[in-house]
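Spelled out, the chains give:
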Amino acid sequence: MVDLTERVSALAAIYETGTFGATVDGGPSVAFSERRPLSIVHVAGKPDDKAFSDGVKTACGCDLPTTPGDIATSGDLSLVWLAPERWLAVCPNRGSGVLEAAFRDACGDSGAIIDVSHGRTVIRLSGANARTVLMKGAPLDFHKKVFTPGRAAQSAISQCGTLITCPAEDTFDVYVFRAFGQHMWEWLTDAAGEFGYSVETPAT
Amino acid sequence: MLIKCPWCGDRALQEFSYQGDATVQRPAEPAEPTDAKWDDEWYQFVYLRDDPKGWHDELWQHNLGCRKHFKARRNTVTHEIADTGPMNEELKGGDK
């Protein structure tokens, strides 16, 4: 019998590790991998409500980032600013419902907490040309001095709403709704073809 | 074309959607619900819109970004945007 509680990647049918695209001197300059399994929780609340901001700090260990596009981190957890009063908490899988429960227990009724771990596909691009690949798709300012590590922005790639984060130098995570996962993977790998790209095994 | 989201800053037009006229006012509750004048006010509120040439206050949404609604003062002739701001703030600029 199929185990319906087992998490299956949206990319499972097309994910193949190896080296693809153009053959370039020095080897591929973009590396792809799917980030999984992750715990992802959508957090909404009023940042000036002390019960909420203190609750978030208790649950994840960092203060709410209130500057648009900022990311706060605490250990392996990132708290990404999505919009005024909305954030996304992301960390390696802590087990079914565990991160959501931590936020609910700490925030009580002061915030709206939703577990969206199963609803997102997260694609990581890294390497010298990762930035160039994203520039082909999203109408954002990707200048090295603007889109720096610790910054995030929501935009669209190939008309799909995406969240793009920059966790480290020349490393980007692209979050899309699970149903758009395969399309986004195919779009991004196609865009990286001219640089040559590698696909690594999924990791958190 | 760039539009300045009050939160995210300058972003491309394709991230935004137009959400209508920001100047329409919901009719006040009348003393008598059967008042014919109220029907007329509601008809105007729901269906009738001005089509101004020049500066116009509009509602926009940054729907592929932070998803917030905001107000923008746009010139319908030149497409210049003089000011954008949150719903609860007055816009400045233009010749209004």
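Residues numbered from 1 in each chain as written. Chains lettered and ligands numbered in written order. Predicted model: local features only at pLDDT ≥ 70, side-chain atom pairs only at ≥ 80, totals over all residues. Heavy atoms only, no water.

Observations concerning the environment of Phe177 of chain A
All names here are of chain A. For Phe177, the position within the fold is in strand β11 (residues 171-177). In the structure, Phe177 is positioned 167 residues away from Ala10 in sequence and 9.9 Å away in space, judged by C-alpha atoms. Not counting the four nearest positions on each side in its chain, Phe177 is found in contact with Gly119, Arg120 and Thr121. (Helix = DSSP H or I, 4+ residues; strand = E, 2+ residues; numbered from the N terminus. Contact = heavy atoms within 4.5 Å.)

Points about the nonpolar core
Judged by nonpolar contacts, the single largest core of 29 residues is most densely connected at Phe32, Leu125, Leu134, Ile164, Val174 and Leu188 of chain A. When residues of this core are traced back to their parent elements, those giving at least two are β2 (30-34), β8 (120-126), α3 (130-135), β9 (151-157), β10 (160-168), β11, α4 (181-192) and β12 (197-199) of chain A. Counting residues per element, this core draws most heavily on α4 of chain A, at 5 residues. When near neighbours in sequence (up to four residues on either side) are disregarded, Ile164 of chain A contacts Leu134, Ala138, Leu140, Phe142, Phe147, Arg151, Ala152, Ala153, Ile157, Phe172, Asp173 and Val174 of chain A. Formed by 27 residues, the second largest nonpolar core is a distinct cluster that contains Val41, Cys60 and Ala89 of chain A together with Cys5 of chain B. (Core = buried A, V, L, I, M, F, W, Y, C linked by side-chain atoms within 4.5 Å. Buried < 20%, exposed > 50% of the residue type's maximum accessible area, 1.4 Å probe, protein only.)

Notes on the domain arrangement of chain A
Residue and element names in this part refer to chain A. Here the domain parsing of chain A yields domain 1 (18-36 + 119-199) and domain 2 (38-117). Placing a centre on the C-alpha atoms of domain 1 and another on those of domain 2 gives a separation of 25 Å. Facing 12 residues of domain 1, the contacting portion of domain 2 comprises 13 residues. Between domain 1 and domain 2 the total buried area reaches about 1100 Å² when both faces are included, carbon and sulfur atoms providing 56% of it. Scanning the region where domain 1 abuts domain 2 turns up 1 salt bridge. A salt bridge links Arg151 to Asp70; its shortest N-O distance comes to 2.8 Å. Inspection of the domain 1/domain 2 interface yields 8 residue pairs in polar contact (both at pLDDT 80 or more). Among the secondary structure elements, those contributing two or more residues to the side of domain 1 that touches domain 2 are β8, β9 and β10. At 3 residues, β9 tops the list of elements feeding residues into the side of domain 1 that touches domain 2. (Domains from an automatic or database assignment. Buried area = accessible area lost by both parts, 1.4 Å probe. Salt bridge = Lys/Arg side-chain N within 4 Å of Asp/Glu carboxyl O. Polar contact = N/O pair within 3.5 Å; in protein donor to acceptor, adjacent residues only side chain to side chain.)

Focus on the environment of Ser17 of chain B
Residue and element names in this part refer to chain B. Relative to the elements of secondary structure, Ser17 occurs in strand β3 (residues 17-21). Between the C-alpha atom of Ser17 and that of His62, which follows or precedes it by 45 residues, the distance is 6.6 Å. The contact partners of Ser17, leaving out residues within four places of it in the chain, are Trp60, Gln61 and Asn63. Polar side-chain contacts of Ser17 include one of 3.1 Å to the side chain of Gln19.

Quick look at the state of the cysteines
Counted according to the given criterion, the structure contains 0 disulfides over all chains. Summary of cysteine pairing: Cys60 of chain A is not part of a disulfide, and the nearest cysteine sulfur, belonging to Cys62 of chain A, is at 3.7 Å. You can call Cys60 of chain A buried: its relative accessible area is 7%. The thiol of Cys166 of chain A is unpaired, and the distance to the nearest cysteine sulfur, on Cys8 of chain B, comes to 17 Å. (Disulfide = S-S within 2.5 Å.)

Let's talk about the interface of chain A and chain B
With 13 residues of chain A at the interface, the matching set in chain B holds 11 residues. Across the interface of chain A and chain B, roughly 890 Å² is buried in total on both sides, 60% from carbon and sulfur atoms. Looking at the side of chain A that touches chain B, the elements with two or more residues in it are β5 (77-83) and β9 of chain A. Per-element tally for the side of chain A that touches chain B: the top contributor is β9 of chain A, with 4 residues. Partitioned by chemical class, the residues of the side of chain A that touches chain B number 9 nonpolar, 3 polar and 1 charged. (Nonpolar A, V, L, I, M, F, W, Y, C, P; charged D, E, K, R; others polar.)

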